[in-house]
Amino acid sequence: MPDLNEQQAGELTAAAVAAAVLPSQRSVVPVLCRMASVDPVSGRAANTALLLGLVRGEESDLRAAFEIAGRMLASDTRPDGQVVSIGSAAGDPMMLLAQDVIQLGLRGEPDLAWEQVRQTPPVRRAAVLSILLAFLNYRFAGLDPVALALGE
């Protein structure tokens, strides 16, 4: 997955601002965009520090990050509204939780999504948010995760 170029990063930021429906959610938009705009491999150290800051910080900020990412990814569903599983991690519990965050947000149930996330240990919360960020990176880099998964 690549770092996003300036245009892609701008589109990511505009989408994140639009997905931050509550004024209190806007404070996490820059952090979320910073993490989603870099290659998860080459930007791992920086993203890890930002993820730790979110996980160890205010619960409302972490919840906002999940809700914003879920809203941004809600359009990446099949016509029947189901989230597409990709790659070799399709059956992984954290991948399934990431899918639930998107699916429940799509159905207008962000509270239920957050309750599921909240019941997981902090390290898993960070991992699930990392999955959502990778999805955002794919989307705004113009990559098709399904096509990439078929190539695995």
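Here's a quick rundown of the structure.

### Focus on the environment of Ala-141
Then, number 1: Looking at the element boundaries, Ala-141 is found in the loop between helix H7 (122–140) and helix H8 (145–150).
Then, number 2: Along the backbone, Ala-141 and Leu-4 are 137 residues apart, and their C-alpha atoms lie at a distance of 5.9 Å.
Then, number 3: If sequence neighbours within four positions are ignored, Ala-141 has contacts with Pro-2, Leu-4 and Gln-8.

### Considerations on the packing of aromatic side chains
Each aromatic ring pair is described using two quantities: the centre-to-centre distance and the angle formed by the ring planes.
Then, number 1: As enumerated under the stated definition, the model contains one aromatic pair in all.
Then, number 2: Relative to Trp-114, the ring of Phe-66 lies with its centre 6.0 Å away and its plane at 55 degrees, an arrangement referred to as tilted. Residue Phe-66 is located in helix H4 (residues 59–73), and its partner Trp-114 is located in helix H6 (residues 110–118); the two are separated by 48 residues in the primary sequence. Residues Phe-66 and Trp-114 agree in their burial class; the two are buried.

Scoring rules and cut-offs
Residues numbered from 1 in each chain as written. Predicted model: local features only at pLDDT ≥ 70, side-chain atom pairs only at ≥ 80, totals over all residues. Heavy atoms only, no water. Helix = DSSP H or I, 4+ residues; strand = E, 2+ residues; numbered from the N terminus. Contact = heavy atoms within 4.5 Å. Phe/Tyr/Trp six-rings, centres within 6.5 Å; stacked < 30°, edge-to-face > 60°. Buried < 20%, exposed > 50% of the residue type's maximum accessible area, 1.4 Å probe, protein only.

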